[in-house]
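Each chain, written out:
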Amino acid sequence: MQKKDKELRISSNGPIGGYHGWLKAYTPDLDWLPNLRTTKGVEVEAPKEDEEVQALKTKLEKARTIKEKFKSAAIRIRKENAELRDVNITTTKALEQETKRAHKEEHDRNKFRGALWGSNSELKL
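Residues numbered from 1 in each chain as written. Predicted model: local features only at pLDDT ≥ 70, side-chain atom pairs only at ≥ 80, totals over all residues. Heavy atoms only, no water.

Would you take a moment to explain the overall build of the chain for this structure?
Scanning the chain from N- to C-terminus turns up two helices and two strands. Across the chain, helices and strands are ordered from the amino to the carboxyl terminus as β-β-α-α. A buried classification covers 3% of the 125 residues belonging to the chain. Look at the contacts in the chain between residues 6 or more apart in sequence, and 0% of them connect residues 24 or more apart. (Helix = DSSP H or I, 4+ residues; strand = E, 2+ residues; numbered from the N terminus. Buried < 20%, exposed > 50% of the residue type's maximum accessible area, 1.4 Å probe, protein only. Contact = heavy atoms within 4.5 Å.)

Okay, structure coming up:
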């Protein structure tokens, strides 16, 4: 088999009609209906699931349930975290404003004291 000009070709250099045509030519014993589970009209039964497969399916379902519980808990925790972050930001801003106000008030008091101290010195003279 060779590849030439983006087509599959057999050794005689004749083009093959695409992958499905090639597959059909090289696997003639398969029935090429959309369902590839049957061969030459013989219906094949699906094997019965044994206990191990059932146990694994049950375990998988439990794991999915646990995953969903963790996922919902994670979403709830994220929401709580976001709310706490908002409260923290609000509290921080209020604290900064209060600190600025207290510094300004202290500065004004010191300024007033300085003015009084100077006038007290003048009175002593």
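Could you clarify how one ought to interpret the pattern of salt bridges in this entry?
When their charged atoms lie close together, side chains carrying opposite charge are able to pair. In total, this model carries five salt bridges according to the counting rule given. Residue Glu 105 pairs with Arg 101 through a salt bridge whose shortest N-O separation is 2.7 Å. Taken together, the residues Glu 105 and Arg 101, both in helix H2 (residues 51-124) and four residues apart, mark about one turn of the helix. According to the relative accessible area criterion, Arg 101 is partly exposed, its value standing at 41%. A network of salt bridges, in which partner residues are shared, links Glu 98, Arg 101, Glu 105 and Arg 109. (Salt bridge = Lys/Arg side-chain N within 4 Å of Asp/Glu carboxyl O.)

Sorry, what's going on with the confidence of the model for the chain here?
On average, the chain scores 76 in pLDDT, and the residues at 70 or more come to 54%. Within the chain, strand S1 (residues 2-4) has the poorest average pLDDT of any element, 51, and H2 the best, 88. (pLDDT = per-residue confidence, 0-100.)

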